[in-house]
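# Summary of the model geometry
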Amino acid sequence: MGGSHGGFLTAHLIGQYPDFYEAAVMRNPVVDLTTMVGVTDIPDWCYCEGGIPYEASKPPLPQQNILHGMFDKSPIRYIDQVKSPVLMLIGAKDLRVPPSQGMRYV
């Protein structure tokens, strides 16, 4: 089970190792960095997970090449490979991860 960043990791694991896990639980997971970066209060985390340099004093605007890089590092990229049943817990009051993240995975 993973929540928020733990959900991000859980989604990566079940997508990249589809024959290893028998089931998974995710609570308010981050599944798509490209849509998360514009709605979160921690865009630096999205850049970091995407392997893209980030300076708080001059944050970069997410341009097409940056968004492609973020997508390549997002669990949603592997969704077609997932074989495990997933229990998705989505809360409307999470201050960091909007419910739309989990809904993209469903």
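Structure's up top.
We now turn to the structure provided with this report.

About the thresholds
- Residues numbered from 1 in each chain as written.
- Predicted model: local features only at pLDDT ≥ 70, side-chain atom pairs only at ≥ 80, totals over all residues.
- Heavy atoms only, no water.
- Helix = DSSP H or I, 4+ residues; strand = E, 2+ residues; numbered from the N terminus.
- Rg over C-alpha atoms; globule rule 2.2 N^0.38 Å.
- Buried < 20%, exposed > 50% of the residue type's maximum accessible area, 1.4 Å probe, protein only.
- Contact = heavy atoms within 4.5 Å.
- Lys, Arg positive; Asp, Glu negative; His and termini not counted.
- Charge placed at Lys NZ, Arg CZ, Asp CG, Glu CD.
- Polar contact = N/O pair within 3.5 Å; in protein donor to acceptor, adjacent residues only side chain to side chain.
- Expected span 1.5 Å × (residues − 1).
- Disulfide = S-S within 2.5 Å.
- Phe/Tyr/Trp six-rings, centres within 6.5 Å; stacked < 30°, edge-to-face > 60°.
- Core = buried A, V, L, I, M, F, W, Y, C linked by side-chain atoms within 4.5 Å.

## Overview of the overall build of the protein
On a plain count of helices and strands, the protein comes out with five helices and three strands. Taken against the 2.2 N^0.38 rule, which gives 13 Å for 106 residues, the C-alpha radius of gyration of the protein at 14 Å falls within 12% of a compact globule. Its C-alpha atoms give the protein principal-axis dimensions of about 45 × 30 × 15 Å. Burial analysis of the protein (106 residues in total) assigns 36% to the buried set. Nonlocal contacts in the protein, meaning residues at least 24 apart in sequence, comprise 65% of its contacts between residues at least 6 apart. Both charge centroids of the protein, one from 8 positive and one from 10 negative side chains, sit 3 Å from each other.

## As for the side chain of Thr40
Considering the arrangement of structural elements, one finds Thr40 in the loop between helix H2 (33–36) and helix H3 (43–49). Polar contacts involving the side chain of Thr40 include one to the main-chain carbonyl oxygen of Arg96, which spans 3.4 Å. Setting aside residues no more than four positions away along its own chain, Thr40 makes contact with Cys46 and Arg96.

## Considering helix H1 (residues 5–16)
Compared with the 16 Å implied by 1.5 Å per residue over twelve residues, the 16 Å span of H1 between its first and last C-alpha is a close match. Buried within H1 are the following residues: Gly7, Phe8, Thr10, Ala11, His12, Ile14 and Gly15.

## Structural notes on the state of the cysteines
All told, the structure shown has zero disulfides when counted by the stated rule. Its sulfur unpaired, Cys48 is 10.0 Å from the next cysteine sulfur, which belongs to Cys46.

## Some remarks on the environment of Val25
By the element assignment, Val25 lies in strand S2 (residues 24–27). For Val25, a relative accessible area of 23% corresponds to the partly exposed category. Measuring from C-alpha to C-alpha, the distance between Val25 and Gln81 comes to 17 Å, with 56 residues separating the pair along the chain.

## So, the packing of aromatic side chains
In the structure shown here, the tally under the stated rule is three aromatic pairs. With a centroid separation of 4.9 Å and an interplanar angle of 80 degrees, the aromatic rings of Phe20 and Tyr21 are classed as edge-to-face. Exposure remark for Phe20: the relative accessible area of 63% places this residue in the exposed category. Owing to a relative accessible area of 28%, Tyr21 belongs among the partly exposed residues under this scheme.

## Digging into the nonpolar core
Membership of the largest hydrophobic core is limited to twelve residues, which are Phe8, Val30, Leu33, Met36, Val37, Trp45, Cys46, Tyr47, Ile52, Ile66, Met70 and Val97. Where this core is concerned, the elements lending two or more residues are H2, H3 and helix H4 (64–72). Broken down by element, the residue count for this core peaks at three residues, all from H3. What Ile52 contacts, discounting residues up to four positions off in sequence, is Tyr47, Ile66 and Met70. The next biggest cluster of nonpolar side chains, apart from the first, holds eight residues, and it includes Ala24, Met26, Val31 and Ile76.

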